Amino acid sequence: MESPHLPAEIISYILSFLHVTDRKEASLVCKSWYDACQDHCLVISHLDGSSLSRQVLTEVGLHLGPRLDSLALPGSSVTEASLLGLLPHLTGLRRLDLQGLDSLFMSGAFLSKEEHRQQVQNALRNLEELDLSDLRYLSDLSFNRLTSCTPRLRSLSLAGCHISFEFDPYRGCPVGFGSSALVSLRNLLSLLQKQTSTLRSLDLSRTSIPPESLRSIAQLPGLRLEDLSLRGCKELTDYSMETLCKQQSGLRTLDVRACTELTSRTVLAVATELKELRSLSLSQDWKITDKGLAELMTLPCLRSLDLSECLHVSGADLVKGLSSPQPRAQLETLSLRNCTYIRDTEMFSLTQLLGRNLRELDLTSCVCLTDLSVRAITTYLPALVVLRLGWCKEISDWGLLGMVEPTKDCEPRDKKEDNGPSFTRTFGNMGFFQPPSLPFQEKPRLVTEEDLGAFREHQEGVSLLALRGLQELDLSACFKLTDTSITQVLRFPDLQRLSLSMLPEISDDSLVSVAYHCRSLTSLALSHCPQISDQGMARALPLLHRLQHLFMACCDAVTNETLSIIALHCDRLRTLDVSMCKDITVHQVDLLQSQLPFLKKVQCRFANGADFTMIL
């Protein structure tokens, strides 16, 4: 049956509202809907030199051919002959991912024949993205042969490749231009020079690029990069980054994660020169402090900022910069993971300043944050889609419920016993007044039914329920959380990923409530939740039809019965972790795998005494 003459654009618009896992059913409506569901991207993993693998590639070329936009072969070891039998058919290819495909380049003879190069060039003349990451045997010759077939590259990745950046022959310069056993800097510069008119994205992450080599690339005439990734390039210095920012002022994305020698000088250079920057990652740059972050917040195009594991950042200068009357960043994504100096005061100010623009917030392991920060988030950040609060151990039920925990100071005076100062005979206190109790000695007051009644009357206020559009939530290791808050506020119909791992106080009641109110879940983590049992799984799993990833490590009350329930109701499951579950047997895990064809990875280390991880 054909659809009633709907244009492809309208069909695509309708499909955009469907979850990815529901599009398979939608594709069965009719041929036009099937075509609209196809993204023409193909990922084939773990191919080898066998006749079956060769047949797979042949069939791909015959049946998909010019319609294929993207091809990736992760974890494969295909032969040159197999790939050369496929590539000439892919005349519409825009992206080719050969990451880690060492079998192609080990011999050094890839594309050594002119006829093969001509065939591949005809097919790849419109290729825009080429990923050559993690190739150990990529040489100047093979690199030149392949890139000569791709004259219109916009994006090139050499992340993790062995590249010779040496200039000085006394330090081991490559043996002649274009003949090095490794890709040489001179050869790379030659390619960049040839493709300056089109190349806009370069990834040199996890290479040993020194400062002088980065300056050479940055100063290349005509090169106008928009995206640059230098993650894990540990030799880079502030001076080389200052040169980069001056010469490549059109950068929109800059990733310098784990460049551990960089300091706040780099931040100031970015803020001064890169006026069009949209995304900046400074994660694990441990020498960076608050200095320069105020200036960074004046970049009007900045949308994404990653400061995770910048241990000296307190957030004070972020607040200062966002408070400036000048045009300021409109952040949509902010990561402060492991920034342990962040306090409630900074968080309260940040939430007010970021407002409705922010969609993703990562505060994992910001251990000093309390319920006050949670109430600020729910009050001022209503557009959040992703919220990560894992290991924020001071967060309690009161914060999720949006309520203020009553304290002794809030009690009516007539209910307090005023018997004057109490005395003690403790020698260490000199026999005078009873010392004040310390924070860690005070047990938090539990939420009562009376408190819940007040909450239900005002639940649309500043509780977690205010974040209506949440799609990912991480509450791992927030040890103070109990069923009281989880059953009341985790009610998000669009929530896809949820982690409740290491919450010892939650029970089956929380699991069943989550399953009933969050039916779009594709990933659920319950590891180290000792009160979760087979009974809760039996009530929850029939409601989670979209579940693809389930983590239950160290759930001692879960047995083989849960695996039988999974087999009945979770036919889309791809990942399962039942490690350290003492009452789950390897035999039952094998049986489950035979019943669920999409189950790719099962972890059951030390389950019932076994040490076993199965990756399919």
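Residues numbered from 1 in each chain as written. Predicted model: local features only at pLDDT ≥ 70, side-chain atom pairs only at ≥ 80, totals over all residues. Heavy atoms only, no water.

### Focus: the environment of Glu-261
Point 1. Looking at the secondary structure, you find Glu-261 in the loop between β10 (253-255) and α12 (264-273).
Point 2. Each C-alpha atom of the pair Glu-261 and Cys-233 lies 9.3 Å from the other, and the pair is 28 residues apart in sequence.
Point 3. In terms of polar contacts, Glu-261 uses its side chain to reach the side chain of Lys-287, at 3.1 Å. (Helix = DSSP H or I, 4+ residues; strand = E, 2+ residues; numbered from the N terminus. Polar contact = N/O pair within 3.5 Å; in protein donor to acceptor, adjacent residues only side chain to side chain.)

### What about the packing of helix α10 (residues 211-218) against helix α11 (residues 238-247)?
Point 1. Contact pair α10 / α11: the axes reach a minimum separation of 9 Å and the direction vectors enclose 5°. Classified by the interaxial angle, the pair formed by α10 and α11 is roughly parallel. Along the contact surface, α10 presents Pro-211, Leu-214, Arg-215 and Ala-218, while α11 presents Tyr-239, Ser-240, Met-241, Thr-243, Leu-244 and Gln-247.
Point 2. Counted by class, the contact of α10 with α11 contains six nonpolar, three polar and one charged residues. (Axes fitted to C-alpha atoms, helices over the stretch in contact; angles between N-to-C directions. Parallel < 35°, antiparallel > 145°, perpendicular 65-115°, else oblique. Contact = heavy atoms within 4.5 Å. Nonpolar A, V, L, I, M, F, W, Y, C, P; charged D, E, K, R; others polar.)

### Comments concerning the environment of Ile-44
Point 1. By the secondary structure assignment, Ile-44 is in the loop between β1 (41-43) and α4 (51-63).
Point 2. Here the alpha-carbon distance between Ile-44 and Ala-72, two residues 28 residues apart in the chain, equals 6.4 Å.
Point 3. Not counting residues within four places of it along the chain, the set of residues in contact with Ile-44 comprises Val-56, Leu-57, Val-60, Ala-72, Leu-73, Pro-74 and Ser-76.

### Section: the side chain of Asp-255
Point 1. Along the polypeptide, Asp-255 turns up in strand β10.
Point 2. Those residues in contact with Asp-255 that lie beyond four places of it in its chain are Leu-228, Ser-229, Leu-230, Arg-231 and Ser-281.

### Details of the nonpolar core
Point 1. If you look at the biggest cluster of nonpolar residues, it comprises 163 residues, and the most contacted ones within it are Leu-156, Leu-254, Leu-296, Leu-490 and Ile-566.
Point 2. Considering every element that reaches this core, the biggest residue donor is helix α9 (residues 185-194), with five residues.
Point 3. Contacts of Leu-296, omitting those with residues within four sequence positions, involve Val-267, Val-270, Ala-271, Leu-280, Leu-302 and Leu-305. (Core = buried A, V, L, I, M, F, W, Y, C linked by side-chain atoms within 4.5 Å. Buried < 20%, exposed > 50% of the residue type's maximum accessible area, 1.4 Å probe, protein only.)

### Quick notes on the pattern of salt bridges
Point 1. Summed over the entire model, instances satisfying the criterion amount to 17 salt bridges.
Point 2. Ionic pairing is found between Glu-242 and Arg-265, a salt bridge with its closest N-O pair at 2.9 Å. A residue pair is termed long-range when its members are at least 10 positions apart, and Glu-242 in helix α11 and Arg-265 in helix α12 qualify at 23 residues.
Point 3. Here Arg-265 falls in the partly exposed class, since its relative accessible area comes to 43%.
Point 4. Here Lys-287 and Glu-261 are joined by a salt bridge, their closest N and O atoms 3.1 Å apart. Within this pair, whereas Lys-287 is found in the loop between β11 (279-281) and α13 (293-296), its partner Glu-261 is found in the loop between β10 and α12, the two being separated by 26 residues in sequence.
Point 5. Look at Lys-287 and you get partly exposed, because its relative accessible area is 41%. (Salt bridge = Lys/Arg side-chain N within 4 Å of Asp/Glu carboxyl O.)

### What to know about helix α7 (residues 114-123)
Point 1. Of all the positions in α7, only Arg-117, Val-120 and Ala-123 are classed as buried. Buried residues of α7 fall within an arc of 125° about the axis and therefore sit on the same side. (Arc of directions from axis to C-beta.)

### Brief notes about the confidence of the model for the protein chain
Point 1. Here the protein chain averages 86 in pLDDT, and 81% of its residues register 70 or above.
Point 2. For residues 168-178, every residue scores under 50 in pLDDT, and the model assigns this stretch 19 contacts once sequence neighbours within four places are set aside.
Point 3. Scored below 50 in pLDDT, residues 408-442 makes 19 contacts in the model with residues more than four places away or belonging to other chains. (pLDDT = per-residue confidence, 0-100.)

### A closer look at unusual backbone geometry
A negative phi angle is the norm for most residues apart from glycine, just as the trans form is the norm for most peptide bonds.
Point 1. The phi angle at Trp-391 is positive, at roughly 65°, despite the residue not being glycine.
Point 2. As for its position among the elements, Trp-391 is in the loop between β15 (386-388) and α17 (397-401).
Point 3. On the basis of relative accessibility, which here comes to 35%, the residue Trp-391 falls in the partly exposed class.
Point 4. The phi dihedral of Ala-477 falls on the positive side, at around 60°, and the residue is not glycine.
Point 5. Mapping Ala-477 onto the fold places it in the loop between β16 (472-474) and α19 (483-489).

### Observations concerning the packing of aromatic side chains
Point 1. Enumeration over the complete set of coordinates arrives at three aromatic pairs.
Point 2. Their ring planes at 70° and their centres at 5.3 Å tell us that Phe-105 and Phe-110 sit as a pair that is edge-to-face.
Point 3. Look at Phe-105 and you get buried, because its relative accessible area is 1%.
Point 4. The class for Phe-110 is buried, based on a relative accessible area of 1%.
Point 5. Taking the centre distance of 5.8 Å and the plane angle of 85° together, the rings of Phe-348 and Tyr-380 count as edge-to-face. Pair noted here: Phe-348 is in helix α15 (residues 344-354) and Tyr-380 is in helix α16 (residues 371-380), with a separation of 32 residues, a long-range link.
Point 6. Relative accessible area serves as the criterion here: at 32%, Phe-348 is assigned to the partly exposed category.
Point 7. A relative accessible area of 28% means that Tyr-380 is categorised as partly exposed. (Phe/Tyr/Trp six-rings, centres within 6.5 Å; stacked < 30°, edge-to-face > 60°.)

### Remarks on α9
Point 1. For α9, the complete set of buried residues consists of Leu-185, Asn-187, Leu-188, Leu-189, Leu-191 and Leu-192.
Point 2. Contacts made by the buried residues of α9 are with α8 (140-147), β5 (155-157), β6 (163-164), β7 (183-184), β8 (201-203) and α10.

### Considerations on the packing of α9 against α10
Point 1. Remark: α9 packs on α10, axes separated minimally by 10 Å, with the N-to-C direction vectors making an angle of 20°. The pairing of α9 with α10 is recorded here as roughly parallel in orientation. You can see that α9 and α10 cross each other, and the crossing is right-handed. For the pair α9 and α10, contact is made by Leu-185, Leu-188, Leu-189 and Leu-192 and by Ser-213, Ser-216 and Ile-217, respectively.
Point 2. Tallied by class, residues from the contact of α9 with α10 come to five nonpolar, two polar and no charged. (Left-handed = near helix turned anticlockwise from the far one by under 90°.)

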